[in-house]
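# Breakdown of the fold
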Amino acid sequence: MTTSPRASSVAGDVPGDAAGEQDRRRALIVGVTGQDGSYLAELLLAKGYEVHGVVRSASSYNMGRIDHLYRDPHEPDVRFFLHDGDLGDSARLMTLLGRIAPHEVYNLAGQSHVAVSFERPEHTGDAAGLGAVRLLEAIRASGIECRYYQSSSSEMFGASPPPQREDTPFQPISPYAVAKLYAHWITRNYRETYGMFAVNGIAFSHESPRRHEDFVTRKVSRAVARIQAGLDDYVYLGSLDAVRDWGYAPEYVEGMWRMLQADEPGDYVLATGTRTSVREFVAAAFDHAGLDWQQHVRFDRRYLRPAEGASLIGDSSLAAERLGWQARVHGEGLARIMVDADVAALRHEGRHWIDRPDLPAWQVEAAW
């Protein structure tokens, strides 16, 4: 790990009025280094917010998604600050809330990989489930007047047939979905019991070039770029028949923000309403690069889930009606965006290799 100026910001605390703007809206994002957290931070900064992100010490190396947002805290008019913290540390959450006094709090943290949740169910339950109640209780006990967003998941619907909407019965079939359902219901409980402005965003799968490579969409787009460049021949996948409602992450964080601007708190589905199978996503991604997917995709049963639910296709008509939110990018368009980004990233990486005279010619060529 290389040392950077970020370390001082993560290790220390920056008061909420550091920029001298008492009237500026302040937001606290738990999980700021993730896909959604990075896009949300960009959105809020563009809207003039002062943005504070919570970063776990163990994840302080994972700053790639927010590197471009960081500035030295001692520069004038800095509006993006990082703080060390963890959803497992209630006292630390209380301290941060007291010092920052945020107007809005977004909980985007927690172990979010469904397959991993079968291997680490206890950790998933603690991070994705109990973490939410620790944060809600810290808000309640601190007396801070703020609005709270909880990142719920379409995985909570599990075996319920599509289309799924706000009143569709929940039937979770993974430890991740069960943990998310606990967080969902405890958020509603705090809203109804304590009168908190607390909302749940039931987000269907939303992807981007910032998605981790463990997720199938990014695994596919990255593989397409590498196969096109001649670095790999195959990508190994599980079921191609699984169906998801895949949207574009930057659009979804706008929906999160809109929920906290509403007159009354409520729970909303965020979805495209479009059915895309893994096979269709794969075909679109390879076709965009001029490749035949059937020549490069291999089946590997190790990537099958222990349980696979019904098709997850959302109905976000309530969000459209009350929030004015609607998804514009759907599955196949998303595949093209992600492939273009990974192709560009690989070429950028190749330029760095070419600038290194110490490398033999075959390695330089392989980088392309």
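Residue numbers run consecutively from 1 along every chain, following the written order of its sequence. Per-residue local features are limited, in this predicted model, to residues with pLDDT of at least 70; the limit for side-chain atom pairs, both in listing and counting, is 80 or more; totals at the level of whole chains, interfaces and linings are taken over all residues. Calculated side-chain values reflect all of the structure's heavy atoms, with hydrogen atoms and water omitted.

### A short note on the packing of helix H2 (residues 35–46) against helix H8 (residues 249–261)
- Each axis is a line fitted through C-alpha atoms, and for a helix only the stretch in contact is used; angles between axes span 0 to 180 degrees, taken between their N-to-C directions. Each helix is a run of H or I in the DSSP string that is no shorter than four residues. Each strand is a run of E no shorter than two, and both are numbered from the N terminus. It is at 9 Å that the axes of H2 and H8 come closest, and there the two elements cross at 65°. Where H2 crosses over H8, the handedness of that crossing is right-handed. Residue-level contacts link Gln35, Asp36, Tyr39, Leu40, Leu43 and Leu44 of H2 to Ala249, Pro250, Val253, Glu254, Met256 and Trp257 of H8.
- Put simply, Ala, Val, Leu, Ile, Met, Phe, Trp, Tyr, Cys and Pro go in the nonpolar bin, Asp, Glu, Lys and Arg in the charged bin, and everything else, Gly too, in the polar bin. Residue classes in the contact of H2 with H8 are distributed as nine nonpolar, one polar and two charged. If you view the pair so one helix is near and one far, a crossing is left-handed when the near helix is turned anticlockwise from the far one by less than a right angle, and right-handed when it is turned clockwise. Here, two residues are considered to be in contact whenever any of their heavy atoms come within 4.5 Å of each other.

### Things to note about a nonpolar patch on the surface
- A patch is a set of surface residues, each over 30% in relative accessible area and not in a salt bridge, joined within 9 Å for like charges and within 5 Å for the nonpolar side chains Val, Leu, Ile, Met, Phe, Trp and Tyr. Each accessible area is a Shrake-Rupley result for a 1.4 Å probe, and residues are judged covered by the shown protein chains and nothing else. When a carboxyl oxygen of Asp or Glu lies within 4 Å of a side-chain nitrogen of Lys or Arg, that pair is called a salt bridge. Judged by side-chain polarity, Tyr234, Tyr236 and Tyr303 come together as a nonpolar surface patch covering roughly 320 Å² of accessible area.
- Relative to the assigned elements, Tyr236 resides in strand E8 (residues 235–237).

### Things to note about the packing of aromatic side chains
- To pair, rings of Phe, Tyr and Trp, with the six-membered ring standing in for Trp, must have centres within 6.5 Å; the planes then decide the type, stacked if under 30 degrees apart, edge-to-face if over 60, and tilted in the middle. Overall, the coordinates contain seven aromatic pairs when judged by the stated rule.
- Seen in terms of ring centroids, Phe157 and Phe170 are 5.1 Å apart; in terms of plane orientation they differ by 25°. Their pairing is stacked. Remark: Phe170 occurs in the loop between strand E5 (147–153) and helix H6 (175–194) and Phe157 occurs in the loop between E5 and H6; sequence separation between them is 13 residues. The residues Phe157 and Phe170 share a single accessibility class, namely buried. Per-residue accessibility, obtained with a 1.4 Å probe over protein chains only, is compared with the maximum for each type, and a residue is labelled buried under 20%, exposed over 50%, and partly exposed between these values.

### Side note on the environment of His296
- Of note, His296 is situated in the loop between helix H9 (278–288) and strand E13 (297–299).
- By relative accessible area, His296 is classed as buried at 14%.
- Residues His296 and Asp232, spaced 64 residues apart in sequence, show a C-alpha to C-alpha distance of 9.1 Å.
- One polar contact links the side chain of His296 to the main-chain carbonyl oxygen of Asp233, over a distance of 2.8 Å. For this analysis, a polar contact is any N or O atom pair within 3.5 Å, provided that within protein one partner can donate a hydrogen and the other can accept it, and provided that sequence-adjacent residues contribute only side-chain to side-chain pairs.

### Focus on the pairing of strand E1 (residues 26–30)
- Counting buried positions along E1 yields five of five residues, so the element is predominantly enclosed.
- By the alternation rule, side chains of E1 split into Arg26, Leu28 and Val30 and Ala27 and Ile29, which are all buried.
- Across five bridges, the pairing between E1 and strand E2 (residues 50–55) is parallel. Within E2, the residue paired with Val30 across the bridge is Val54.
- The definition of a right-handed crossover adopted here requires that, viewed with the strands pointing away, the path from the first strand over the helix to the second runs clockwise. Crossover handedness for the path E1 to H2 to E2: right-handed.
- In this analysis, strands are considered paired if DSSP registers two or more bridges between them. As paired strands, E1 and strand E4 (residues 104–107) are joined by four bridges and run parallel to one another. Residue Leu28 lies in a different strand from E4, and its bridge partner there is Val105.

### Notes on the packing of helix H5 (residues 121–142) against H6
- One way to put it is that H5 packs onto H6 with a least axis distance of 8 Å and a crossing angle of 15°. With respect to H6, the axis of H5 lies roughly parallel. H6 is crossed by H5, and the crossing has right-handed handedness. Every residue of H6 that contacts H5 at Pro121, Thr124, Gly125, Ala128, Gly129, Leu130, Ala132, Val133, Leu136, Glu137 and Arg140 is listed here: Pro175, Tyr176, Ala179, Tyr182, Ala183, Ile186, Thr187, Tyr190 and Tyr194.
- In terms of residue class, the contact of H5 with H6 is made up of 14 nonpolar, four polar and two charged. Here is the rule for angles: anything less than 35 degrees is roughly parallel, anything more than 145 is roughly antiparallel, 65 through 115 is roughly perpendicular, and the remaining ranges are oblique.

### A look at the side chain of Ser154
- Within the secondary structure, Ser154 sits in the loop between E5 and H6.
- Classification of Ser154 as buried rests on a relative accessible area of 2%.
- Once residues within four sequence positions are removed from consideration, Ser154 is found in contact with Ile202, Ala203, Phe204, Ser205 and Leu312.

These figures capture arrangement, not role.
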